[in-house]
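Working through the structure, step by step
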Amino acid sequence: MDQPFRPLGVVTGATSGIGAAFAEALAEEGYDLLLTGRRETLLAERSRSLEQRFGIRVEALRVELDRPQEVRRLAERLRSLEVDLLVNNAGFGVRCDFLRTPPRTWEALMDLQVRCPLELTQAVLPGMVARGRGGVVNVASEASFLPVPRNGVYAGVKAFLLRWTESLALELEGSGVTVQALCPGLTRTDFHGRLGEEGARLSRSRWIRWLTPEMVVRASLGDLKKGRAVCVPGWGSRARIALLSLLPRSLRLALLGRFFRSASGKR
């Protein structure tokens, strides 16, 4: 008997947080999955759980996506598959003044969040366009719209993802392929759990309504089906971005500077 057709979803950084939530949601929708991550044991456990619970096939690959040679190998693998949805989620942030950030740190950040999405997206797009269907989600951030002291390279690469995705959406109009820049605000994941006291202060801020990974993924997949090139989950984030965009630049920077000084415990 022929196996039933199932679309194939690829999720990078799938061991926890938003990536794990994407894997769960796509499995529930009946996707077979190719998942990548750095924590091999956890990735294997999650993959087995998804296979058992949803009756799908899951391939788990431990990949260091800040290493160009490993990205190239993964890109070659994706060219050999019929990928229906690619989620470029893998990433990390740096809570450090730029002058004290080791060059290898921001080089790795740019490799992971600029080079990797570019190469993987270019690997899957020809097949998607030829078939007239498919989607790519580039996980950016609310930081795409804002300067972020002590995390400026992160904000910069997320801004790149936003503008590149918007440009790509225009190039692909009428092709049947949808691309999206997903721009969540603060989300309760391992990423923000490592901020320590700074994270605790952000949790208490009246400016912030924290999201869950599930909320972020639900908003992303809903907007992807509607063909929206930019998804900002949560009314709080959308309102904050809209209000700040209306302010003169000098006032906007002054307010953001005061907010981040407060969050970091500085005066």
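Let us look at the structure shown here. Note that the coordinates shown come from a computational prediction; the quantities given were computed from them, not determined experimentally.

1. Details of the overall build of the protein chain
A tally of helices and strands in the protein chain yields ten helices and seven strands. Across the protein chain, every contact between residues at least 6 apart in sequence was considered, and the portion connecting residues at least 24 apart equals 71%. By element, 53% of the accessible surface of the protein chain is carried by carbon and sulfur atoms, the whole surface being about 13,700 Å².

2. Quick look at the side chain of Asp-32
Relative to the helices and strands, Asp-32 resides in strand S2 (residues 32-37). Looking at Asp-32, its side chain comes within polar contact range of the side chain of Arg-6, at 2.8 Å. Among residues more than four places away in sequence, those in contact with Asp-32 are Arg-6, Pro-7, Leu-8, Gly-9, Ile-56 and Arg-57.

3. Side note on the environment of Ala-21
Examined against the element boundaries, Ala-21 turns out to sit in helix H1 (residues 17-28). Residue Ala-21 is classed as buried on the basis of its relative accessible area of 8%. Along the primary structure Ala-21 and Arg-218 are separated by 197 residues, whereas in three dimensions their C-alpha atoms are 9.1 Å apart. In this structure Ala-21 touches Pro-213, Glu-214 and Val-217, once residues within four positions along its chain are discounted.

4. Details of the pattern of salt bridges
Two side chains that carry opposite charge are able to pair once their charged atoms sit near each other. The full count for this structure, using the stated rule, is 17 salt bridges. A salt bridge links Arg-77 to Glu-59, with the shortest nitrogen-to-oxygen separation between them at 2.8 Å. Within this pair, whereas Arg-77 is found in helix H3 (residues 68-79), its partner Glu-59 is found in strand S3 (residues 58-62), the two being separated by 18 residues in sequence. Notably, a salt bridge pairs Asp-84 with Arg-133, separated by 3.1 Å at the nearest N-O pair. Of this pair, Asp-84 sits in the loop between H3 and strand S4 (85-88) while Arg-133 is found in the loop between helix H4 (103-131) and strand S5 (134-139), placing the two residues 49 residues apart along the sequence. Judged by its relative accessible area of 34%, Arg-133 falls in the partly exposed class.

5. Section: the packing of H1 against helix H2 (residues 40-54)
Look at H1 against H2: their axes get within 10 Å of each other, and the N-to-C directions meet at 20 degrees. The angle between H1 and H2 places the two elements in the roughly parallel class. In this structure, the crossing between H1 and H2 has a hand that is right-handed. For the pair H1 and H2, the contacting residues are Ala-20, Ala-23, Glu-24, Ala-27 and Glu-28 in the first and Arg-46, Leu-50, Arg-53 and Phe-54 in the second. Across the contact of H1 with H2, the residue classes tally to five nonpolar, no polar and four charged.

6. Considering the packing of aromatic side chains
In total, this model carries one aromatic pair according to the counting rule given. Relative to Trp-164, the ring of Phe-160 has its centre 6.0 Å away and its plane inclined at 10 degrees; by these criteria the two rings are stacked. With Phe-160 and Trp-164 both in helix H5 (residues 152-171) and four residues apart, the pair spans about one turn of that helix.

7. Looking at the side chain of Ser-47
Tracing the backbone shows Ser-47 in helix H2. Residue Ser-47 is classed as buried on the basis of its relative accessible area, which comes to 5%. In contact with Ser-47, other than residues within four places in its own chain, are Leu-35, Val-58 and Ala-60.

8. Some words on the pairing of S3
Where S2 lies against S3, five bridges are found, and the strand directions are parallel. Bridge pairing links Leu-34 to Glu-59 in S3. Following the backbone out of S2, through H2 and into the adjacent parallel S3, one traces a crossover that is right-handed.

9. Focus on the state of the cysteines
In total, this model carries zero disulfides according to the counting rule given. Not engaged in a disulfide, the cysteine Cys-183 finds its nearest cysteine sulfur in Cys-231; these two sulfurs lie 7.9 Å apart.

Calculation notes
Residues numbered from 1 in each chain as written. Predicted model: local features only at pLDDT ≥ 70, side-chain atom pairs only at ≥ 80, totals over all residues. Heavy atoms only, no water. Helix = DSSP H or I, 4+ residues; strand = E, 2+ residues; numbered from the N terminus. Contact = heavy atoms within 4.5 Å. Areas by Shrake-Rupley, 256 points an atom, 1.4 Å probe, with all protein chains shown as cover. Polar contact = N/O pair within 3.5 Å; in protein donor to acceptor, adjacent residues only side chain to side chain. Buried < 20%, exposed > 50% of the residue type's maximum accessible area, 1.4 Å probe, protein only. Salt bridge = Lys/Arg side-chain N within 4 Å of Asp/Glu carboxyl O. Axes fitted to C-alpha atoms, helices over the stretch in contact; angles between N-to-C directions. Parallel < 35°, antiparallel > 145°, perpendicular 65-115°, else oblique. Left-handed = near helix turned anticlockwise from the far one by under 90°. Nonpolar A, V, L, I, M, F, W, Y, C, P; charged D, E, K, R; others polar. Phe/Tyr/Trp six-rings, centres within 6.5 Å; stacked < 30°, edge-to-face > 60°. Pairing = 2+ DSSP bridges. Right-handed = clockwise from strand over helix to strand, strands pointing away. Disulfide = S-S within 2.5 Å.

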